[in-house]
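The chain contents come next:
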Amino acid sequence: MAVKKVLLIGNGAREHVMAEALKRSRYHVELYVVGSAVNPGIRELAAEYLVADVCDKNAIGEFASRVRPDFAVVGPEAPKEAGIVDMLLELEIHSASPLQTVGRLESSKSYTRDLLEKHQIPGNPKFRVFYNEEGLEDFFLELGDDFVVKADGLKGGKGVKVSGDHLNGMEEGLEYARSCLLESGRVIVEEKLIGQEFSLMSFCDGTYVVDMPAVQDHKRAFEGDKGPNTGGMGSYSCENHLLPFLNISDVHEASDMNQRVAKALFEDTGSYFKGVMYGGFIVTRDGVRLIEYNARLGDPEAMNVLPLLKGDFVDICEGIINKTLDQVDIEFEKKATVCKYVVPEGYPDKPVKGEKIEVGEIPEGVRTYYASVDQREDGLYLSGSRAIAFVGVSDTLEEAERLAQSAVGSVKGPVFHRKDIGTKELIDKKVEMMKSIR
Ligand code: AMP
Ligand code: GLY
């Protein structure tokens, strides 16, 4: 069997499921991993595992020069923004992940809003980017009660404040916008969109895009979509690759946006976007709108879709790199998935750390992906962020939810999870909400 050496950067649950998908390849995959901590699941799959800062160009450059992988794939956003993909390319190591220039799609929300506007791609809400206070108050007056204020730059979803949820009234909105201006010299203020959010991730070789099943993530920490925004508490996808509140035309609209944005990025920068283009969309009364773009697989969304991938992930990565994605067979199993994260008490604001957890019995049909946990001789310890993702995969959403719940509910220790993700009760509410606004 032909050997493929793959350099994988990152050590979360997303990279764990990526490692697993790579290992399912028809090639004999040797995984060389760089992670900022040891992920016990990835370590088991790796030929070699370097613990280093995932943005450390010197450490990664040295490792890659010695290993000489066939290609690299970068999971998280931070190393892309730090120029790791560009640095690897200088070493003639290609990545199925975008270069810094096109990665701005994620790292700068203002760049992306402006890109859509410039190329007349529909999908933006009413928005303005401010570099100083001029006109700020007037724009708040124009938007009225429904506004969103976004710090520009990578904040893990935590720099966005929404009226009614995190900000009470225009005065608080103005105050937060001013603090963003002080911090980074830039702030985005936009219309608050009302509807249901979904993620549509597409493999993209710069020109050709292939969509993955649509997924709904749950960013809020607590049940009923309450509380602070997190990295994502869990997510689900359906056997028909739509979501219960989506029409096929909504997915086509989102997919079309991904396609047009890929083209616009090339026209704008002269570089092809190679990797995963992940649109965070919201379906509203007036159609699909863009919340934000990410230049990578979603976490937790990767755990919903990669286990269903029937094609060969190595072929997909090489198709992205060689611009031959149109020749790769990419299909996803027609199954439902529910992913639930167990997180430390106090997450995301004041998570407990260093406490021991015990994982109970994991039923068949559930996949376990490690994230922020530390494996010591006597067991697993929390390291302060989302700890373990459990994914139920089944023919029906109901069964997938039951499976994920029984696994996540078995974890003992100072942790919590969202029981409601993927349940009929919560999904019915979302469907009703969409019906009432459509
Ligand atoms: P982002 O980091 O841009 O994905 O924003 C984080 C979260 O804030 C999103 O998942 C939405 O729930 C919310 N959000 C962002 N922009 C808007 C908007 N224009 N209207 C309504 N909600 C928004
Ligand atoms: N699911 C949220 C993210 O990956 O950014």
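As shown above, the structure is provided for reference.
Residues numbered from 1 in each chain as written. Chains lettered and ligands numbered in written order. Predicted model: local features only at pLDDT ≥ 70, side-chain atom pairs only at ≥ 80, totals over all residues. Heavy atoms only, no water.

**A word on the sheet that holds strand β5 (residues 127–130)**
Sheet architecture is open: four strands sit in the order β5-β8-β6-β7, paired in antiparallel fashion. What marks the edges here is a single partner per strand, and that holds for β5 and β7 (160–162). Between one strand axis and the next, the sheet turns through 15° on average, direction left out of account. Each of β5, β6 (147–151), β7 and β8 (187–191) touches helix α7 (residues 109–118); the most contacted strand, β5, lies at about 130° to it. Sheet strands in contact with helix α8 (residues 136–143) are β5, β6 and β8, and its direction is about 20° off that of β8. (Pairing = 2+ DSSP bridges. Helix = DSSP H or I, 4+ residues; strand = E, 2+ residues; numbered from the N terminus. Axes fitted to C-alpha atoms, helices over the stretch in contact; angles between N-to-C directions. Contact = heavy atoms within 4.5 Å.)

**Describing empty space enclosed by the protein**
With the rule as written, the count across this model stands at two cavities of 30 Å³ or more. In this structure, the largest cavity occupies an estimated 110 Å³ of space. Met18, Val73, Ala96, Val276 and Leu297 are the residues nearest the centre of the largest cavity, which is lined by 19 residues in total. At the level of elements, α1 (13–23), β4 (71–74), β15 (275–284) and α12 (313–322) are the ones that each hand at least two residues to the lining of the largest cavity. For the lining of the largest cavity, the element with the highest residue contribution is α12, accounting for four residues. Space inside the second largest cavity adds up to approximately 80 Å³. In terms of lining residues, the second largest cavity is bounded by Leu105, Glu106, Lys109, Thr112, Arg113, Lys150, Ile188, Glu190, Leu290, Ile291, Glu292 and Tyr293. (1 Å grid on protein atoms, 1.4 Å probe; cavity = no way out; pocket = protein on both sides within 12 Å on 5 of 7 lines; lining within 4 Å. Points joined across faces, edges and corners; volume = space filled by probe spheres on them.)

**Description of the environment of Asp420**
Tracing the sequence through the fold places Asp420 in the loop between β23 (415–416) and α14 (424–437). Once the C-alpha coordinates of Asp420 and Gly135 are considered, the two residues, 285 residues apart in sequence, prove to be 42 Å apart. Discounting chain neighbours no more than four positions away, the residues touching Asp420 are Glu223, Gly224, Asp225, Lys340 and Leu426. One polar contact links Asp420 to Arg418, side chain to side chain, over a distance of 3.0 Å. (Polar contact = N/O pair within 3.5 Å; in protein donor to acceptor, adjacent residues only side chain to side chain.)

**Things to note about the site of ligand 1**
Around ligand 1 there are 15 residues in total, and Lys109, Glu190, Leu193, Glu197 and Glu292 lie nearest to it. A distance of 3.0 Å is found between a nitrogen atom of ligand 1 and a side-chain nitrogen or oxygen belonging to Lys150. Contact between ligand 1 and Glu292: an oxygen atom at 2.9 Å from a side-chain N or O atom of the residue. For the shell around ligand 1, the secondary structure elements donating two or more residues are β6, β7, β8 and β16 (287–294). The class makeup of the residues in the shell around ligand 1 is five nonpolar, two polar and eight charged. (Near = heavy atom within 4 Å. Nonpolar A, V, L, I, M, F, W, Y, C, P; charged D, E, K, R; others polar.)

**Quick look at the packing of aromatic side chains**
Scanning all chains against the criterion turns up seven aromatic pairs. Between the aromatic rings of Phe203 and Phe313, the centroid separation amounts to 6.4 Å while the plane-to-plane angle is 50°, which identifies the pairing as tilted. Residue Phe203 is found in strand β9 (residues 195–204), and its partner Phe313 is found in helix α12; the two are separated by 110 residues along the sequence. Judged by relative accessible area, which is 1%, Phe203 ranks as buried. An aromatic cluster of at least three residues, connected via ring pairs, comprises Phe198, Phe281 and Tyr293. Looking at Lys4, its charged tip hangs above the ring of Tyr27, at a distance of 4.8 Å from the centre. (Phe/Tyr/Trp six-rings, centres within 6.5 Å; stacked < 30°, edge-to-face > 60°. Buried < 20%, exposed > 50% of the residue type's maximum accessible area, 1.4 Å probe, protein only. Lys NZ or Arg CZ within 6 Å of the ring centre and 35° of its normal.)

**Digging into the sheet that holds strand β20 (residues 373–376)**
Here we have three strands laid out as an open sheet, ordered β18-β21-β20, and antiparallel in their pairing. Both outer strands of the open sheet, β18 (356–357) and β20, are each paired with one neighbouring strand and no more. Sheet topology places β20 next to strand β21 (residues 379–382); four bridges connect them, and they run antiparallel. Across the sheet, Val373 pairs through a bridge with Leu382, a residue of β21.

**Things to note about helix α9 (residues 169–184)**
Helix length check: α9, at 16 residues, gives a terminal C-alpha distance of 23 Å against a target of 22 Å (1.5 Å per residue), a fit within 8%. Count one or two residues on from α9 and you reach Gly185, which has phi positive near 75°. (Expected span 1.5 Å × (residues − 1).)

**Section: a negative patch on the surface**
A surface patch of negative charge is lined by Glu137, Asp138, Glu171, Glu172 and Glu175. Of all the secondary-structure elements, those providing two or more residues to the negative patch are α8 and α9. For the negative patch, the leading source of residues is α9, giving three residues. Note on placement: Asp138 falls in helix α8. A residue is classified by how much of its surface remains accessible, and Asp138, at 55% relative accessible area, is exposed. (Patch = residues over 30% accessible without salt bridge, like charges linked within 9 Å, V, L, I, M, F, W, Y side chains within 5 Å. Areas by Shrake-Rupley, 256 points an atom, 1.4 Å probe, with all protein chains shown as cover. Salt bridge = Lys/Arg side-chain N within 4 Å of Asp/Glu carboxyl O. Lys, Arg positive; Asp, Glu negative; His and termini not counted. Charge placed at Lys NZ, Arg CZ, Asp CG, Glu CD.)

**Here's the deal with unusual backbone geometry**
Put simply, Asp299 and Pro300 share a cis peptide bond, and its omega is 20°. Note on placement: Pro300 falls in the loop between β16 and α11 (301–305). The residue after Tyr347, namely Pro348, is reached through a cis peptide bond having omega 5°. One can find Pro348 in the loop between β17 (336–344) and β18. Phi at His241 is positive, roughly 70°, even though this residue is not glycine. Owing to a relative accessible area of 16%, His241 belongs among the buried residues under this scheme.

**What to know about the site of ligand 2**
For ligand 2, the full set of nearby residues is Asp217, Lys219, Gly231, Tyr278, Asn294, Arg296, Gly298, Asp299, Pro300 and Glu301. A distance of 2.9 Å separates an oxygen atom of ligand 2 from a polar backbone atom of Asp299. Against a free-state accessible area of 200 Å², the protein chains account for coverage of 90% of ligand 2. When grouped by side-chain class, the residues that make up the shell around ligand 2 number two nonpolar, three polar and five charged.

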